[in-house]
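These are the residues of each chain, in order.
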There are 2 protein chains.
Amino acid sequence: MEQIEIETYMQMALAEAQQAAALGEVPIGAIVVKNGRVIGRGHNLREQAQDATAHAELLAIQDACRTIKSWRLEEAALFVTLEPCPMCSGAIINARIGAVYYGASDPKAGTAGTFMNLLTDTRFNHQAAVYPGILATESQAQLRAFFRAIRAKQKAAKKLRQQG
Amino acid sequence: MEQIEIETYMQMALAEAQQAAALGEVPIGAIVVKNGRVIGRGHNLREQAQDATAHAELLAIQDACRTIKSWRLEEAALFVTLEPCPMCSGAIINARIGAVYYGASDPKAGTAGTFMNLLTDTRFNHQAAVYPGILATESQAQLRAFFRAIRAKQKAAKKLRQQG
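Scoring rules and cut-offs
- Residue positions are given per chain, counted from 1 along the sequence in the order it is written.
- Written order determines the labels here, with chains lettered from A and ligands numbered from 1.
- Totals for whole chains, interfaces and linings use all residues, but because this is a predicted model, local features are given only for residues with pLDDT of at least 70 and pairs of side-chain atoms are given and counted only at 80 or more.
- No hydrogens and no water enter the side-chain calculation; it runs on all heavy atoms of the structure.
- Secondary structure is summarised from DSSP: a helix means a run of H or I of at least four residues, a strand means a run of E of at least two, and numbering begins at the N terminus for each.
- Every radius of gyration here is taken over C-alpha atoms, with the globule rule written as 2.2 Å times N^0.38, N being the number of residues.
- Accessibility here uses a 1.4 Å probe with only protein chains present; expressed as a share of the type maximum, an area under 20% marks a residue as buried, one over 50% as exposed, and anything in between as partly exposed.
- The contact definition used throughout considers only heavy atoms, calling two residues in contact when any of these lie within 4.5 Å.
- The protein chains shown are the only cover counted for residues, whose accessible areas, like all others here, come from Shrake-Rupley with a 1.4 Å probe.
- At least two bridges found by DSSP between two strands is the condition for calling them paired.
- Lines fitted to C-alpha atoms define the axes, with helix axes restricted to the stretch in contact, and inter-axis angles between N-to-C directions lie between 0 and 180 degrees.
- When the copies are superposed, the least-squares fit draws on C-alpha atoms of residues that have pLDDT of at least 70 in both.
- By buried area we mean how much accessible surface two parts lose on assembly, using a 1.4 Å probe and totalling the loss over both.
- Basic side-chain nitrogens of Lys or Arg form a salt bridge, by our definition, when they fall within 4 Å of a carboxyl oxygen of Asp or Glu.
- Contacts described as polar in this section are N or O atom pairs within 3.5 Å, which, within protein, must combine one atom able to donate a hydrogen with one able to accept it, while residues neighboring in sequence count only if both atoms come from side chains.
- Amino acids are sorted into nonpolar (Ala, Val, Leu, Ile, Met, Phe, Trp, Tyr, Cys and Pro), charged (Asp, Glu, Lys and Arg) and polar (every other residue, Gly among them).

> Talk me through the overall build of chain A; I want residue IDs and the actual numbers.
The secondary structure content of chain A amounts to five helices and five strands. Starting at the N terminus, the α and β elements of chain A follow one another as α-β-β-α-α-β-α-β-β-α. By the compact-globule yardstick of 15 Å for 164 residues, chain A fits well, its C-alpha radius of gyration being 17 Å. For the C-alpha atoms alone, the extent of chain A along its principal axes is close to 60 × 30 × 30 Å. The buried share among the 164 residues of chain A stands at 52%. Contacts in chain A between residues at least 24 apart in sequence constitute 57% of all its contacts with a sequence separation of at least 6. Total accessible area on chain A is roughly 7,700 Å²; 51% of this is exposed by carbon and sulfur atoms.

> Explain the sheet that holds strand S1 (residues 29–34) of chain A to me, and be specific about the residues and the numbers.
All names here are of chain A. Sheet architecture is open: five strands sit in the order S2-S1-S3-S4-S5, paired in mixed fashion. Here the strands that pair on one side only, and so sit at the sheet edges, are strand S2 (37–43) and strand S5 (129–131). For this sheet the average axis-to-axis angle between neighbouring strands, irrespective of direction, equals 15°. Strand direction decides the pairing type here: S1 and strand S3 (residues 76–82), joined by five bridges, are antiparallel. Of the residues in S3, the one forming a bridge with valine 33 is alanine 77. Seen against the sheet, helix H1 (residues 3–22) touches S1, S2, S3 and strand S4 (99–104) and runs at an angle of roughly 140° to S1.

> Describe the relation of the copies chain B and chain A, listing the residues and the values that go with them.
When chain B is brought onto chain A, the operation consists of a screw motion whose angular component is 180° and whose axial shift is 0.0 Å, with 0.0 Å RMSD remaining. One copy is carried onto the other by what is essentially a two-fold rotation axis. Taking the C-alpha atom as reference, chain B places methionine 87 of chain B closest to the rotation axis, 1.9 Å from it.

> Which residues make up the interface of chain B and chain A, and what values do they have?
Taken together, the contacts link 30 residues of chain B with 30 residues of chain A. Between chain B and chain A, a total of about 2,500 Å² is buried, with carbon and sulfur atoms accounting for 65% of that surface. In terms of surface lost to chain A, no three residues of chain B exceed Gln50, Trp71 and Arg123 of chain B, which account for 24% of the buried area on that side. Here chain B and chain A share zero salt bridges between them. Inspection of the chain B/chain A interface yields eight residue pairs in polar contact (both at pLDDT 80 or more). Listed by contribution, the elements that provide at least two residues to the side of chain B that touches chain A are helix H2 (46–49), helix H3 (56–68) and helix H4 (86–94) of chain B. Here the residues of the side of chain B that touches chain A sort into 15 nonpolar, eight polar and seven charged.

Spatial relationships are all this shows, so hold off on functional conclusions.
Now the structure itself:
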């Protein structure tokens, strides 16, 4: 895939992440593309849905399966703003996604290069090509801005409590 | 948890797996229990739903989150007839499930002891206690009977084609 195309899809994933942020969710977004067509979209909805599995990648994969009416997403590529966790890496393997492009690395749960790389582990029955660091600066900036805003809110709430 | 209680819940998971088999799905079933109450159930629905994420454990965890209206399944236990794959192990970590009891080991994708143990990896922000081999014989027998029936069907179909 050409760099301009890769960045265009990652911009779409960043826009999904922004939708999560607007709902007060940690901004993570994902897109599934097959044959030049976006077949799946998702953004983190853990708090809104109160569902531990409502990660951006999982929702985008489920959306893609619905779109093409198949659990097999062979030759599809997944774009996600943050490195996948074990659950999402496993979903990528289960769906047989061909390539994964991600933005920021995840030092807390990353399993596509940080703690391990489940996606290239040949003991599983499928491997995906992994391309890290795509628009990583933008993804990190989005995450940092979100957590900065949360901390500012918490500080303001604490100040209010102390005054009251 | 007492052995009799553990086996009772695993029998429920085996009954879930039987429901999957009745639908032509690989028989895998799961149950989530919290404070002596079954709060989630699921059985493999990958083919019926054409959804790569429709594994027994993931569906049971989603069901449990809906039941208690929370993504945090702390102090809950998951019972599953087959060792969890990376996706389901990741979902268990994400939901902060306290204990996992499983039946048969999975030589193809097991990540709760076979290839690795994601559930006890202290690099993640949560660990679960893992109890393998619960009613493993029953779980294996269920899986073997299913695949034996599939092979018999395939053989009969081949014979019919050769005769036709």
